[in-house]
Amino acid sequence: MRRRITLLVAATTSVVLLAFLLPAATLVSRVAEARARDSARQELQFLIPSVALGTPDEVRAGLTAPGAERLGVRWPDGRWLGRQGATAGDPPATATEVTTGDGTRLVQPVRRSDGGTAVVEAFVPAAELHAGVTRTWLVLAGLGVVLFVLALLVADRLARSLTHPVTELAATAHRLGSGDLAARVEPGGPPEVREVGTAVNRLAGRIGELLAAERESAADLAHRLRTPLTALRLDAEALPSPARERLLDDVDALGRTVSEVIAEARRPVREGLGASCDATAVVADRVAFWAVLAEEEGRDVALEVPGAAQPVRVAAADLGAAVDALLGNVFAHTPEGAGFRVAVRPRTGGGAEVVVADAGPGLPEPAVERGRSGAGSTGLGLDIARRTAESSGGELRIASSASGATVTVALGPPA
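Residues numbered from 1 in each chain as written. Predicted model: local features only at pLDDT ≥ 70, side-chain atom pairs only at ≥ 80, totals over all residues. Heavy atoms only, no water.

Trainee: In this structure, what is going on with the overall build of the protein? I would like to understand it.
Mentor: For the protein, the count of helices and strands is 10 helices and 12 strands. Seen along its three principal axes, the alpha-carbon backbone of the protein occupies a region of about 160 × 45 × 35 Å. Relative to its full complement of 415 residues, the protein shows a buried share of 35%. Just so you have it, the protein exposes about 23,500 Å², and 60% of that area is on carbon and sulfur atoms. Measuring between centres, the 44 positive side-chain charges of the protein sit 8 Å from its 49 negative side-chain charges. (Helix = DSSP H or I, 4+ residues; strand = E, 2+ residues; numbered from the N terminus. Buried < 20%, exposed > 50% of the residue type's maximum accessible area, 1.4 Å probe, protein only. Areas by Shrake-Rupley, 256 points an atom, 1.4 Å probe, with all protein chains shown as cover. Lys, Arg positive; Asp, Glu negative; His and termini not counted. Charge placed at Lys NZ, Arg CZ, Asp CG, Glu CD.)

Trainee: Looking at this structure, how should I read the nonpolar core?
Mentor: Counting 28 residues, the largest nonpolar core has Val312, Leu319, Leu327, Val409 and Leu411 as its most contacted members. Counting only elements with at least two residues in this core, the list comes to α8 (279-296), α9 (316-333), β9 (340-346), β10 (352-358), α10 (381-391) and β12 (404-411). With 7 residues, α9 is the largest single contributor of residues to this core. Apart from the residues lying within four places of it in its own chain, the contact partners of Val312 are Ala275, Ser276, Cys277, Ala279, Leu319, Gly351, Ala352, Leu411, Gly412, Pro413 and Pro414. One finds Val51, Val59, Leu71 and Val124 within the second-largest nonpolar core, a separate group that totals 20 residues. (Core = buried A, V, L, I, M, F, W, Y, C linked by side-chain atoms within 4.5 Å. Contact = heavy atoms within 4.5 Å.)

Trainee: Please clarify how the environment of Ala88 should be interpreted in this entry.
Mentor: Along the polypeptide, Ala88 turns up in the loop between β2 (80-82) and β3 (96-100). By relative accessible area, which is 63% here, Ala88 ends up exposed.

Trainee: Could you clarify how one ought to interpret helix α4 (residues 133-177) in this entry?
Mentor: The terminal C-alpha atoms of α4, which comprises 45 residues, lie 63 Å apart, in line with the 66 Å expected from a rise of 1.5 Å per residue. Where α4 is concerned, the buried positions are Val133, Leu140, Gly144, Ala151, Ala155, Ala159, Thr163, Pro165, Leu169, Thr172 and Leu176. Immediately downstream of α4, the backbone of Gly179 shows phi near 105°, a positive value. (Expected span 1.5 Å × (residues − 1).)

Trainee: Is there a simple way to explain the pattern of salt bridges in this structure?
Mentor: Opposite charge on two side chains permits pairing when their charged atoms draw close. One pass over the full model with this rule turns up 19 salt bridges. Arg386 is paired through a salt bridge with Glu390; the nearest N and O atoms lie 3.0 Å apart. Of this pair, Arg386 and Glu390 both sit in helix α10, separated by 4 residues, roughly a single helical turn. Residue Glu395 pairs with Arg397 through a salt bridge whose shortest N-O separation is 3.1 Å. Because the salt bridges share partners, they merge into one network encompassing Glu33, Arg37, Asp38, Arg41 and Glu97. (Salt bridge = Lys/Arg side-chain N within 4 Å of Asp/Glu carboxyl O.)

Trainee: How should the sheet that holds strand β7 (residues 301-304) be read in this particular structure?
Mentor: Strand pairing in a sheet relies on backbone hydrogen bonds, with the paired strands running either antiparallel or parallel. Ordered by their spatial adjacency, 5 strands build an open sheet running β7-β9-β10-β12-β11, and the pairing between neighbours is mixed. Either end of the sheet is taken by a strand with one partner, and the two such strands are β7 and β11 (395-401). If you compare each strand with its neighbour and ignore which way they point, the axes differ by 10° on average. In terms of strand pairing, β11 meets β12 through 7 bridges, oriented antiparallel. Bridge pairing links Leu396 to Val409 in β12. Set on the sheet, α8 makes contact with β7, β9 and β10; between it and β9 the angle comes to about 175°. (Pairing = 2+ DSSP bridges. Axes fitted to C-alpha atoms, helices over the stretch in contact; angles between N-to-C directions.)

Trainee: Would you mind showing me how to read the sheet that holds strand β5 (residues 117-125) here?
Mentor: Taken in spatial order, the 5 strands line up as β2-β1-β5-β4-β3 in an open sheet, and their pairing is antiparallel. At either end of the open sheet lies a strand with only one pairing partner, and these are β2 and β3. On average, adjacent strands in this sheet sit at an angle of 20° to one another, irrespective of strand direction. The sheet contact formed by strand β4 (residues 103-111) and β5 spans 9 bridges and is antiparallel. Looking at β5, one finds that Gly103 is bridged to Pro125.

Trainee: Before we go on, may I ask you to explain the packing of aromatic side chains in this structure?
Mentor: Each aromatic ring pair is summarised here by two numbers: the centre-to-centre distance and the angle between the ring planes. Across all of its chains, the model carries 3 aromatic pairs by this definition. The positively charged end of Arg286 is found above the aromatic ring belonging to Phe289, 4.6 Å away from the centroid. (Phe/Tyr/Trp six-rings, centres within 6.5 Å; stacked < 30°, edge-to-face > 60°. Lys NZ or Arg CZ within 6 Å of the ring centre and 35° of its normal.)

Trainee: Looking at this structure, I do not really get the packing of α9 against α10. What am I missing?
Mentor: One can describe the packing of α9 onto α10 by two numbers: an axis separation of 8 Å at closest approach and a directional angle of 150°. With respect to each other, α9 and α10 are oriented roughly antiparallel. The hand of the α9/α10 crossing is left-handed. Seen from α9, the contacting residues are Asp318, Leu319, Ala321, Ala322, Ala325, Leu326 and Asn329; seen from α10, they are Gly381, Leu382, Ile384, Ala385 and Thr388. A class-by-class count of the residues in the contact of α9 with α10 yields 8 nonpolar, 3 polar and 1 charged. (Parallel < 35°, antiparallel > 145°, perpendicular 65-115°, else oblique. Left-handed = near helix turned anticlockwise from the far one by under 90°. Nonpolar A, V, L, I, M, F, W, Y, C, P; charged D, E, K, R; others polar.)

Trainee: Explain α8 to me, please; I cannot follow it from the model alone.
Mentor: Because an α-helix completes one turn every 3.6 residues, residues spaced three or four positions apart along the sequence face the same direction. For α8, which comprises 18 residues, the first-to-last C-alpha distance of 26 Å matches the rise-based estimate of 26 Å (1.5 Å per residue) to within 8%. Its axis deflected by about 30° at Trp290, α8 carries its strongest bend there. Listed in full, the buried residues belonging to α8 are Ala279, Thr280, Val282, Val283, Arg286, Val287, Trp290 and Ala294. Where α8 is buried, its residues touch β6 (277-278), β7, β8 (311-312), α9, β9 and β10. One side-chain oxygen at the N-terminal end of α8 lies 3.1 Å from the backbone nitrogen of Thr280; it belongs to Asp278. (Bend = angle between axes of the 7 residues up to and from the residue. Polar contact = N/O pair within 3.5 Å; in protein donor to acceptor, adjacent residues only side chain to side chain.)

Trainee: Mind showing me how you'd approach a nonpolar patch on the surface here?
Mentor: Taken together, the side chains of Phe20, Leu143, Val145, Val146, Leu147, Val149, Leu150 and Leu153 make up a nonpolar region of the molecular surface, amounting to roughly 700 Å² of accessible area. The element contributing the most residues to the nonpolar patch is α4, with 7 residues. Relative to the helices and strands, Val149 is located in helix α4. (Patch = residues over 30% accessible without salt bridge, like charges linked within 9 Å, V, L, I, M, F, W, Y side chains within 5 Å.)

Have a look at this one:
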């Protein structure tokens, strides 16, 4: 926008300057020519009385005066006094002007007292006709350049004052989009832009309020599970061993999960440019957690991770939740004994790819849609992985066949 405003002012200024300078340059040329002709006419008129009444010697003496070098007189007998002119033949009836490539001749017939007709001729060279024109044109051109530069400077300042608030507004919008809900605009610029900035600040505040209310609601809902969990623990403690210990362990695990849900719901920053973690460490930790259950079900587990850390733009808790969702799908939707493979690979351009491949029957078509799984589950597992990938600047890719499914979570590099 700033460049367009400057270009618009430059184009407008150019048109105005051309509309002013071209006529001015033409006028200067015409004024110089008129000045040279008027000077020659004055000298010619000054000489006419001498030609009409004087003798050839008197006229010749007048032609030797300073400034009379361009004058010539053809006497009635054909003789030229002073400068040799170009008039030939009978004298013209009236005053005439003849312009050639080397200058302009002013010809004036003069009726003498003795009845003869003499011709007075004044020659104005082309150099005199254009004397000072080039210098004046250069001055006009310099003035035009100075005015053009000044117009560009003023236009740039004006454009900056108009576009700077818009640029700040866009930067604040990008910060809000990246998860920085504390970003605010300093309203400035034209009234319309200030109004937009105020609206953006109001919207950012409202978004923060809604997110805070949503997090608290989710935490409250999760907290309500503690009461039935307490009752379940009391019932489990009344059972005989060894079922009691196993059931109490499951209740404890469920309690820890509820606590994690509450903590996750109240975590103020869930995604954004500032989040980062080591994908290798997170994936290895989650695979080790699920490996215990895989061993009980007779599943083969293969883990492929690079020797170096693979930093990605996602929080460790979010990446762990995504891996848990994918591995949970493997255990929920494949028969016991079906193995799976988890790999972490460097991604071109930075970041990493987390690949989860199983040896099950493949994914049903509705599984890629949020809330639909086709197998009686919530259908949120793959969507959790998709949102985690997209929040980091990556994507989720799914390949499914009768011999198994492969889910690739592409994660972007840290900012």
